[in-house]
Amino acid sequence: MLTNDIILSISYVLLIVGGIVRDVLTLRMLFTVAGGFAVWYGLAVDDLSLTLWESGFTAVNLAQGAYLWHEKRSVKLSAEERELHQTRFSQMSLIDFHRFVRAGTWVTAPAETELTQQGQPVVRIVLISEGAVSVTIDGTIVAYCKRGDFIGEMAFVSGNPASATVLTIGAARYLMWNFDDLRQLIERHPDIKTALQGVFTQNLIEKIGRPGPAPQQPTT
């Protein structure tokens, strides 16, 4: 038989664990169960105010958890997108990644497609899925970008014009986001912004650390 103190302690422990976990659905589930124990405690000690407040807390988390569970089950990703999530965006939740991908457009481009032009404003971010691109500064190729690399992410962050001209080498396939669409998305979902900052930083480190010519101040 659980004593009132144990019931209340279980509720607090679940709340503490919920504050640690990163997955939002798991957090909602833990908060729902914690609220249930708190309601149990309120009934046991005949505290109507506590019971009502904890009932509301539990109901809200239960409803949010059900919504997230339904949303997660409705996520449909192609094999290409699932691989991209695993290899480049593993720190982003599946639901947020689904939102992120749906905000973009898949493009299959021929050789010599210009993605950015040195000195000109940049209006989109490109993530290469297949193929490669050349990075040219003042007429000289200084680097090459490949599958998994971003183009234009530094311009998205800084607002500066492109410091290099980027052209596809042969046919290429990439995922593209217009700046305005991406800004609206990360305003609605701050977790996506946080994950993107980490991905951008990691990719920049990878590109700078590659052997051979490197961009002087890459916007790619």
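**Student:** Looking at this structure, how should I read the overall build of the chain?
**Tutor:** When you go through the chain residue by residue, the secondary structure sums to eight helices and six strands. The order of α-helices and β-strands along the chain, N terminus first, is α-α-α-α-α-β-β-β-β-β-α-β-α-α. Against the globule reference of 17 Å for 220 residues, the chain gives a C-alpha radius of gyration of 24 Å, more extended than a compact globule. Taking the principal axes of its C-alpha atoms as reference, the chain extends roughly 80 × 30 × 30 Å. Split into buried and exposed, the 220 residues of the chain put 41% on the buried side.

**Student:** Would you mind showing me how to read the nonpolar core here?
**Tutor:** In terms of nonpolar packing, the biggest core is built from 29 residues, with Phe89, Phe100, Leu182 and Leu196 touching the most fellow members. Only α5 (94-102), β3 (124-137), α6 (153-158), β6 (165-178), α7 (179-188) and α8 (190-208) provide two or more residues apiece to this core. A per-element tally of this core places α8 first, with five residues. Apart from the residues lying within four places of it in its own chain, the contact partners of Leu196 are Phe89, Met92, Phe100, Leu182 and Ile186. Membership of the second largest hydrophobic core comes to 16 residues, among which are Val107, Val126, Ile128 and Ala164.

**Student:** What exactly am I supposed to notice about α7 here?
**Tutor:** Structurally, the α-helix is built with 3.6 residues per turn, so residues lying three or four positions apart point the same way. Looking at α7, one finds that the buried residues are Phe179, Leu182, Leu185 and Ile186. The buried residues of α7 occupy an angular sector of 125 degrees when the element is viewed end-on, so they sit on one face. Within α7, the exposed residues directed more than 90 degrees away from the buried face are Asp180, Glu187 and Arg188. Buried positions along α7 lie against α5, β3, α6, β6 and α8.

**Student:** Please clarify how the packing of helix α4 (residues 79-87) against α5 should be interpreted in this entry.
**Tutor:** Describing two packed helices takes the angle between their axes plus the distance from one axis to the other. Running from N to C, α4 and α5 cross one another at 120 degrees; their axes reach a closest spacing of 11 Å. When the interaxial angle is binned, α4 and α5 end up oblique. Judged by the sense of rotation from one axis to the other, the crossing of α4 with α5 is right-handed. Touching Glu81, Leu84 and His85 of α4 are Leu94, Phe97, Val101 and Arg102, all from α5. Of the residues that constitute the contact of α4 with α5, the class distribution is four nonpolar, one polar and two charged.

**Student:** Would you take a moment to explain the packing of α7 against α8 for this structure?
**Tutor:** Taken N-terminus to C-terminus, the directions of α7 and α8 make an angle of 115 degrees; their axes are 5 Å apart at the nearest point. Residues Leu182, Leu185, Ile186, Glu187 and Arg188 of α7 lie in contact with α8, whose contacting residues are Pro190, Ile192, Lys193 and Leu196. Tallied by class, the residues present in the contact of α7 with α8 amount to six nonpolar, no polar and three charged.

**Student:** For this particular structure, what's the right way to read the side chain of Ser11?
**Tutor:** Secondary-structure assignment places Ser11 in helix α1 (residues 4-18). What makes Ser11 buried here is its relative accessible area of 4%. Leaving out residues up to four positions away in the same chain, Ser11 has contacts with Ala34, Phe37 and Ala38.

**Student:** Is there a simple way to think about α1 in this case?
**Tutor:** Given a rise of 1.5 Å per residue, 15 residues ought to cover 21 Å, and the 21 Å separating the end C-alpha atoms of α1 matches this to within 8%. For α1, the complete set of buried residues consists of Ile7, Ser11, Leu14 and Gly18. Down the axis of α1, the buried side of the element spans an arc of 65 degrees, and every buried residue falls inside it. In α1, the exposed positions angled more than 90 degrees off the buried face are occupied by Asp5 and Ile16. In the core, the buried residues of α1 are packed alongside α2 (24-44).

**Student:** Before we go on, may I ask you to explain the layout of surface pockets in this structure?
**Tutor:** Here the idea is plain: a probe the size of a water molecule rolls over the atoms and shows the empty space left. Considering only enclosed or pocket space, the largest pocket measures out at about 560 Å³ in volume. Together, 20 residues line the largest pocket, and Arg22, Met92, Ser93, Asp96 and Asp191 are the ones closest to its centre. Those elements that place two or more of their residues in the lining of the largest pocket are α2, α3 (48-73), α5 and α8. Broken down by class, the residue content of the lining of the largest pocket amounts to eight nonpolar, five polar and seven charged. The computed volume of the second largest pocket comes to approximately 210 Å³. In this structure, the second largest pocket is lined by Met154, Phe156, Val157, Ile186, Lys193, Leu196, Gln197, Phe200, Thr201 and Leu204. Among the secondary structure elements, those contributing two or more residues to the lining of the second largest pocket are α6 and α8. Looking at the lining of the second largest pocket element by element, the count peaks at six residues for α8. Looking at side-chain class alone, the lining of the second largest pocket contains seven nonpolar, two polar and one charged residues.

The rules we used
Residues numbered from 1 in each chain as written. Predicted model: local features only at pLDDT ≥ 70, side-chain atom pairs only at ≥ 80, totals over all residues. Heavy atoms only, no water. Helix = DSSP H or I, 4+ residues; strand = E, 2+ residues; numbered from the N terminus. Rg over C-alpha atoms; globule rule 2.2 N^0.38 Å. Buried < 20%, exposed > 50% of the residue type's maximum accessible area, 1.4 Å probe, protein only. Core = buried A, V, L, I, M, F, W, Y, C linked by side-chain atoms within 4.5 Å. Contact = heavy atoms within 4.5 Å. Arc of directions from axis to C-beta. Axes fitted to C-alpha atoms, helices over the stretch in contact; angles between N-to-C directions. Parallel < 35°, antiparallel > 145°, perpendicular 65-115°, else oblique. Left-handed = near helix turned anticlockwise from the far one by under 90°. Nonpolar A, V, L, I, M, F, W, Y, C, P; charged D, E, K, R; others polar. Expected span 1.5 Å × (residues − 1). 1 Å grid on protein atoms, 1.4 Å probe; cavity = no way out; pocket = protein on both sides within 12 Å on 5 of 7 lines; lining within 4 Å. Points joined across faces, edges and corners; volume = space filled by probe spheres on them.

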